[in-house]
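# Secondary and tertiary structure notes
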Amino acid sequence: MTVTDLPPAGPAAPALRRSAELEEQLAHDPGRFRVLTGDRPTGALHLGHYFGTLHNRVRLQDLGVDVLVLIADYQVLTDRDVAERLTEHVEGLLLDYLAIGIDPARTTVFNHSAVPALNQLLLPFLSLVSVAELGRNPTVKDEIAHSRQAAVSGLMYTYPVHQAADILFCKGNLVPVGLDQLPHLEITRTVARRFNERYGAVFPEPDALLSAAPLLLGTDGTKMSKSRNNSVALGADADETARLIKGATTDAERHITYEPERRPGVSSLVLLAALCLGRDPHDVAEEIGNGGGAALKRTVTDAVNTTMAPIRARRAEYARDMTYVRSVLRAGNERANAIAEATLDEVREAMGTPR
């Protein structure tokens with residue numbers, strides 16, 4: 001589902017209309033776009049990630065867009081004291097990316113800690129925003145409220161500017177985001193605009209590519225999250241998937257309907273089956289009808305396992321050759337470093353600082 005399926009109404013209407021325009025441009029001239037997106041390596045990616053963001057990355061890659069995928073290892077520390085099991089999580093992300101169809105020949109995968117010139121951009125960028133502007137950012141407020149740390153770190157407070165460096169180091173001009181992430185992207189646009197006004201034109205002001213990402217709840221009926229142990233990981237096998245879905249929260253009504261507001265748990269399962277089957281969720285619910293929760297869970301389990309079977313097979317195949325998997329990251333880091341160093345040279349020249 002793309003943003004063109006969303007009604008262009010309400011406060012977000014301008015962003016929705018702009019995103020619809022961008023989708024049309026992507027269809028006609030994908031080569032003019034560079035996309036930056038990514039994940040924090042804090043645990044296994046799950047079905048919510050697949051239908052929410054990962055599938056879209058492959059779509060953009062296949063359209064011919066220059067896609068860069070960041071493994072944000074430094075940003076693991078925004079809401080925790082240490083980055084635990086970091087190598088394991090990074091390699092897990094790489095396996096998931098390759099399994100879903102990310103092609104290293106067309107998409108660059110890299111990690112923060114391997115690209116020092118990117119992180120060096122954070123220093124001049126911080127001079128372009130005020131403490132008050134960072135404090136007003138609603139996404140920062142939300143992240144602080146849910147932080148695992150006893151005290152808020154400077155990295156947590158400034159990570160919207162770090163994200164600006166992520167996007168602008170490669171002169172990304174398109175960023176796939178949800179509506180809730182628009183304030184973060186606005187910080188990036190502000191940084192780019194102020195740098196250009198102060199030092200000369202170097203950076204584009206990136207646009208948001210909004211998507212109608214489906215909201216899949218976790219098996220406990222709350223937000224699907226790596227940290228809540230309520231998700232089905234992309235690397236889960238068929239038996240584990242069946243066990244997790246069997247334990248998912250539903251309700252006492254036998255007749256299955258798709259009513260997300262009134263029946264969130266049931267509706268999320270119906271939606272998951274519909275996404276896997278490529279069907280309308282109302283039709284899936286009607287077909288199950290009086291079969292009840294047991295029939296619903298069987299339908300979901302079969303749909304998920306059928307959809308994920310080839311992805312799991314590819315993941316297992318890549319896992320048998322970790323030398324290749326690690327080489328993908330090394331090659332991506334080399335390209336990202338070349339891009340970052342060239343951009344940093346431009347920044348130094350614009351600012352009049354010695355090299």
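In this report, we go over the structure that sits alongside the text. (Residues numbered from 1 in each chain as written. Predicted model: local features only at pLDDT ≥ 70, side-chain atom pairs only at ≥ 80, totals over all residues. Heavy atoms only, no water.)

Here we come to the packing of aromatic side chains. Under the counting rule described, the total for this entry stands at 7 aromatic pairs. Between the aromatic rings of phenylalanine 125 and phenylalanine 195, the centroid separation amounts to 6.4 Å while the plane-to-plane angle is 75 degrees, which identifies the pairing as edge-to-face. Of the two residues, phenylalanine 125 sits in helix 5 (residues 122-126) while phenylalanine 195 sits in helix 9 (residues 182-199), which places them 70 residues apart along the sequence. Each of the two residues, phenylalanine 125 as well as phenylalanine 195, counts as buried. Measuring from centroid to centroid gives 5.2 Å for phenylalanine 195 and phenylalanine 203, while their planes differ by 70 degrees, and the two rings are edge-to-face. (Phe/Tyr/Trp six-rings, centres within 6.5 Å; stacked < 30°, edge-to-face > 60°. Helix = DSSP H or I, 4+ residues; strand = E, 2+ residues; numbered from the N terminus. Buried < 20%, exposed > 50% of the residue type's maximum accessible area, 1.4 Å probe, protein only.)

Attention now moves to the environment of arginine 189. Along the chain, arginine 189 turns up in helix 9. Between the alpha carbons of arginine 189 and proline 206 there is a distance of 6.3 Å; along the sequence they are 17 residues apart. With residues up to four places along the chain from it excluded, the contact list for arginine 189 reads Glu205, Pro206 and Asp207. Reaching out from arginine 189, the side chain makes a polar contact with the backbone oxygen of glutamate 205 at a distance of 3.4 Å. (Contact = heavy atoms within 4.5 Å. Polar contact = N/O pair within 3.5 Å; in protein donor to acceptor, adjacent residues only side chain to side chain.)

When glycine is set aside, most residues are seen to have a negative phi, and most peptide bonds are trans. The phi dihedral of arginine 85 falls on the positive side, at around 55 degrees, and the residue is not glycine. Its location among the elements puts arginine 85 in the loop between strand 2 (66-71) and helix 3 (86-100). Classification of arginine 85 as exposed rests on a relative accessible area of 54%. Non-glycine residue lysine 171 carries a positive phi angle of around 55 degrees. Inspection of the secondary structure puts lysine 171 in the loop between helix 8 (154-168) and strand 4 (174-177).

What follows covers the side chain of asparagine 196. Assignment of secondary structure puts asparagine 196 in helix 9. The class for asparagine 196 is buried, based on a relative accessible area of 19%. Those residues in contact with asparagine 196, other than ones at most four positions away along the chain, are Ala201, Val202 and Phe203.

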